[in-house]
Structures are given as structure tokens and as C-alpha cells.
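Chain residues, written in single-letter form:
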Amino acid sequence: MFSPEILQSLPQKLDGISQGLSLMIPELLLCIWILVGIFAELFLHGKSTKFSTSWRYFITQIGLLLAFVLAIQRMSTDMSGYASFSLFWINSGSNSINALLLFLAIVLILVNQAQQKSFQFEEKMGFLSILGGALLVSISSHWLSIFLSIEWMSLGTYLLVGIRKDPEGSRAILPYVLFGLASTALLLYGISFVYGITGTMHINSPDFSRGLATADPYLVGLALTLVACSLLFKLAWAPFHPWSPDVIESLPASWMTWISTAPKIAVTFLGIRLLHFIPLSLEVPIAFLAILTLLVGNLGALGQRNSKRLLAYSSIAHGGFMAMAWLFPIQQATEVLLFYSLVYGMSTILVFYLIDEASSVSYQSNDLEKWGGLAKSRPLASLFLLIGMVAMAGLPPAGSFIAKVTYFSFLWEKYQNSSQILTLILLVTAILTTALGIFYYLKIPYQLYFKKNAADDRMNIWNENGNMWVYAVLVVFILGSFLAPTAIWNFLK
């Protein structure tokens, strides 16, 4: 069946596959735990919904906690190296990014359970697939592992988006899947061009940089454009953003948050890695697309009258803001991405969950008036939502203010070093759109504190005798990141 040459080379190939896997223990543990979760469903089948949900939460939390502890250990010991034929490259930056992703996943699941949300098998698999793909994306250094990791992450998003079976859910899933398939085709086509130009699939190989530097610039531009189209689709950068509002507004708070944060963090870090090995100046196209994304996200949110759709457009703007790190040196870019992603992730969880409690069964294009006067009957929850909105806008006393100021300072430093006028325009745009964000982020707090519900049908939400302590913990962290940013920054580094 097998030739002698294949049998003789088999031990060497197995050694190459297993080489360096000890550096990937958190990621491997999560992959194994997904299989454990699938096997556990055999025993949960036919049980009551409450029983099955409790066990799904328990099994998922155990796996996430084990992976997080191992990721923290790897980060503290600064383990680095290559794994599995150099398909994966583990270094200090990827260690911190993956620890952050696992931390946000744990927080999301704990909040979801505390708020007594359902946790179906499909939701669990979609959630863990996005997490597993994001973890592998951040350590990938080979186009094959990059492609497979991104697709694994995408399959999780397809699963979560398709859970809702009503007309709104169908309206969201069909365009998203079609656009996703198109982006996959573009990524494969772009990778084939890159391989043809460079002769290597390893992004950190000298042949990769040399090939891009010496090949025909138009051919290189076409290859990189095809790859960029797929990556920018995952980030919802303009003009690849139309799917985002429909998808996010059709989801519950947990999956709204997860799709808005985890893929963007992973793909942004992948972009930081790729740009480090591309010997071409891409400052102009990155700055131009970032300006376009900031304008589309913020101006789109400004005119929204639906709460979830407003947050969907704001997540586009945050994705554009987050990936401005591509203009910075690799160390600065990684550090600012870590801090911004942490504060943004916690703020997103807080705001999306509070907003989601007011969701009605049927879609309403204008639901802002429903928030009128709730601050009188629900003062604590209204205060938490106000703080969350302030954090999303990037204002003090939230830690996101420091994160945005850091971005501004790095952009100014970049402009001083390069004298590129488009970088200065990006800086001005980022500042102005941040100021513009104040108007739409405070729409709901304005209704809460300064308007009355004339229809006498005020929403019955936010049981302040229930699990408000969950939101209080998030608020303390958001405010603490402003009061003690150095401690968080040093830990992330």
C-alpha cells in the first residue's frame, strides 16, 4: 500500500509535526476541550433544558480556565519558538493576545450564565469555534495555517448568526454567508499569487520579503489587495462593512459582543505581523481606508434610531480605530492593541448586555423613546449604562480615554517621522469622530435622564434586585483601568 520511501520518512514527518507543540498547550487544550464538549452532548441529549444548560456552562468554563492558566504561565515565562513545521510562531505578542482572548471569553461566559441566558449546543460550538480560530490566527506564520484558522473562526460566526430563525435572522445570515464565501475565494486567490511571487508560504521567511520587494509592483499590489479584501471583511472595514449592522442587530448580547471583538482582535494582530514582513510602504492605503471606516461607522451611527443598530455601526468605527495600530512599529502596535482591546471588550460586554435586555420580539426601527424616564425607576442600571456609553465614546473616567489618547500620540509621532499628510488627516479624523461619537453614544442616556415615556408603556427591564453585581464588577474594571492604567499595561506587556 505504501512505498518504502514513505514509510522511511514517516518518523521524520511525525517529529516535524510534533516539534514545538509544547509551546501551543493552551491552544491544543482548547481544541481537545471542544471534542470533550461534543462527547458530553451524548449524555446531555434528552435531558431538561435547565440541566443541559448548566452542564454546558460548567464544562466550557473548566476548559477556558485551564487554557487561561496555561496561557498566563506561558506569557509570564515568555516562551517563544516555532511549532509544527513552522506553521505557528509563538512569541511574546501572541502570548499576550491569546491570554487576552481567553480572558474575554471567560468574562463573557460568566456574565452570560449570571444573567441566566440560554446556552444551546449550537451556541457553544459557535462560541468555541470563534475562540479556537482566533487563538490560532494570532500564532499563525504560514499561509496554510492562516487560511484554515480564519475559516474555522468564520464557521463559528456563520453558526451563531444562523441561530435566529425569524425573518430578521434570515435577512442577516444569507448576505453574510455569501460575502464570507466571496472573501474566502479572494483570500485563496491572493495566497496563490503571493506564493507564486515569493515561492514560499512562510510569512517570516527571507524569500517572502525578498520576493515582494523584487517582483512586479502591480502584481504584488494585486496579490496584497486580494488578501486585504478578505481580512478587511472580517474587520468590517469600509467598504466591506454592509454585513455588520444586519448581523449584529439580529443577535443576542453575548454573540453580538463576541463577533464584535474576538475576530477583530485576532485579525488586527495578524495584520501587525504581516506588515512587519512586507517590505512595502502601505501607509497611504491603510490611512485612507481607516479614515473611510471611521467616517462610515460614526456617521452611520449618528443617524440610527434603533439601539442595536446604533451599536453595530459603532463597532465598525471601533474596528477602524483598533486597526490603526497597523501604522505603528510592531511593539508599540501590539501594546496599544492589547490595552484598547481589553477596555473595549469589557465596555462592549457591559453595554450590549444592558441594551439587549430591552429587546422586543419584533424588530422596531425606532426604539430610543422606550428608554424615556427609566433612570427614575432603575437608577443603578441607568448609571451603569451611562458609564458604559462613556467608555465606548472614549471619555474619562473610563480607561478607553487613555487607550484613545495613546493612539493619538502614536499617530502624531508617526506623522512627525514620516511627514505623510494622510496620516495627519487620519489623526484629525480620529479626533473629530471621537467627538462626534459623544452625540450618538449619549442618545440613550439622554432618554434615560431627561425624557419621559409619554406612552405610559415603560419597559419592564433591569431587575435591580437580581444580578446587578455582574455589571458592577465590569464598571469597577472600566473605571479602574483609568485610575491605574500602568498596572494593567505592565501586566499585558
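Residues numbered from 1 in each chain as written. Predicted model: local features only at pLDDT ≥ 70, side-chain atom pairs only at ≥ 80, totals over all residues. Heavy atoms only, no water.

1. Looking at a nonpolar patch on the surface
Right, so step 1: There is a patch of nonpolar side chains on the surface, built from Phe51, Trp55, Phe58, Ile62 and Leu66 and spanning about 450 Å² of accessible area.
Right, so step 2: Here phenylalanine 58 is to be found in helix H3 (residues 49–76).
Right, so step 3: Residue classification places phenylalanine 58 among the partly exposed positions, given a relative accessible area of 44%. (Patch = residues over 30% accessible without salt bridge, like charges linked within 9 Å, V, L, I, M, F, W, Y side chains within 5 Å. Areas by Shrake-Rupley, 256 points an atom, 1.4 Å probe, with all protein chains shown as cover. Salt bridge = Lys/Arg side-chain N within 4 Å of Asp/Glu carboxyl O. Helix = DSSP H or I, 4+ residues; strand = E, 2+ residues; numbered from the N terminus. Buried < 20%, exposed > 50% of the residue type's maximum accessible area, 1.4 Å probe, protein only.)

2. Details of the side chain of threonine 268
Right, so step 1: The residue threonine 268 is located in helix H11 (residues 253–277) in this model.
Right, so step 2: Under the relative-accessibility criterion, threonine 268 is labelled buried at 0%.

3. A closer look at the packing of helix H2 (residues 25–44) against H3
Right, so step 1: Closest axis-to-axis distance for the H2/H3 pair is 9 Å, and the angle between their directions is 170°. It follows from the interaxial angle that H2 and H3 lie roughly antiparallel.
Right, so step 2: Tallied by class, residues from the contact of H2 with H3 come to 16 nonpolar, 4 polar and 4 charged. (Axes fitted to C-alpha atoms, helices over the stretch in contact; angles between N-to-C directions. Parallel < 35°, antiparallel > 145°, perpendicular 65-115°, else oblique. Nonpolar A, V, L, I, M, F, W, Y, C, P; charged D, E, K, R; others polar.)

4. Here we look at the nonpolar core
Right, so step 1: Judged by nonpolar contacts, the single largest core of 152 residues is most densely connected at Leu64 and Trp258.
Right, so step 2: Broken down by element, the residue count for this core peaks at 17 residues, all from helix H14 (residues 330–356).
Right, so step 3: Other than its neighbours up to four places away in sequence, tryptophan 258 contacts Leu101, Leu104, Ala105, Leu108, Phe127, Ile130, Leu131 and Pro263.
Right, so step 4: If you look at the next biggest cluster of nonpolar residues, it comprises 8 residues, including Met24, Ile90, Leu136 and Ile139. (Core = buried A, V, L, I, M, F, W, Y, C linked by side-chain atoms within 4.5 Å. Contact = heavy atoms within 4.5 Å.)

5. Some details on helix H16 (residues 379–393)
Right, so step 1: For H16, which comprises 15 residues, the first-to-last C-alpha distance of 21 Å matches the rise-based estimate of 21 Å (1.5 Å per residue) to within 8%.
Right, so step 2: Taking burial as the measure, the 15 residues of H16 include 11 buried ones, the bulk of the element.
Right, so step 3: Listed as buried for H16 are Ala381, Ser382, Phe384, Leu385, Ile387, Gly388, Met389, Val390, Ala391, Met392 and Ala393.
Right, so step 4: The first or second residue beyond H16 is glycine 394, which carries a positive phi of 80°. (Expected span 1.5 Å × (residues − 1).)

6. Looking at the confidence of the model for the chain
If pLDDT is low for a region, its predicted coordinates should not be looked at in detail.
Right, so step 1: Looking at the chain as a whole, its pLDDT mean stands at 87, while 90% of the residues score no less than 70.
Right, so step 2: Taking the mean pLDDT of every element in the chain, the minimum, 60, falls on helix H1 (residues 4–18) and the maximum, 95, on helix H5 (residues 121–139). (pLDDT = per-residue confidence, 0-100.)

7. Things to note about unusual backbone geometry
One can expect most non-glycine residues to show negative phi and most peptide bonds to be in trans.
Right, so step 1: Cis geometry marks the peptide bond from alanine 238 to proline 239, where omega comes out at 5°.
Right, so step 2: Inspection of the secondary structure assignment puts proline 239 in the loop between helix H9 (217–235) and helix H10 (243–249).
Right, so step 3: That bond from proline 396 to proline 397 is cis: its omega, 10°, falls within 30 degrees of zero.
Right, so step 4: Mapped onto the elements of the fold, proline 397 is located in the loop between H16 and helix H17 (399–418).

8. Let's talk about the packing of helix H12 (residues 283–302) against helix H18 (residues 421–441)
Right, so step 1: Between H12 and H18, the least distance of the axes is 9 Å, while the angle of their chain directions is 15°. Regarding the angle of H12 to H18, the classification is roughly parallel. Considering only the axes of H12 and H18, their crossing is left-handed. Across the interface between the two elements, Glu283, Val284, Ala287, Phe288, Ala290, Ile291, Leu294, Leu295, Asn298, Leu299, Ala301 and Leu302 from H12 touch Leu422, Thr423, Ile425, Leu426, Thr429, Ala430, Thr433, Leu436, Gly437, Phe439 and Tyr440 from H18.
Right, so step 2: Classifying every residue of the contact of H12 with H18 gives 17 nonpolar, 5 polar and 1 charged. (Left-handed = near helix turned anticlockwise from the far one by under 90°.)

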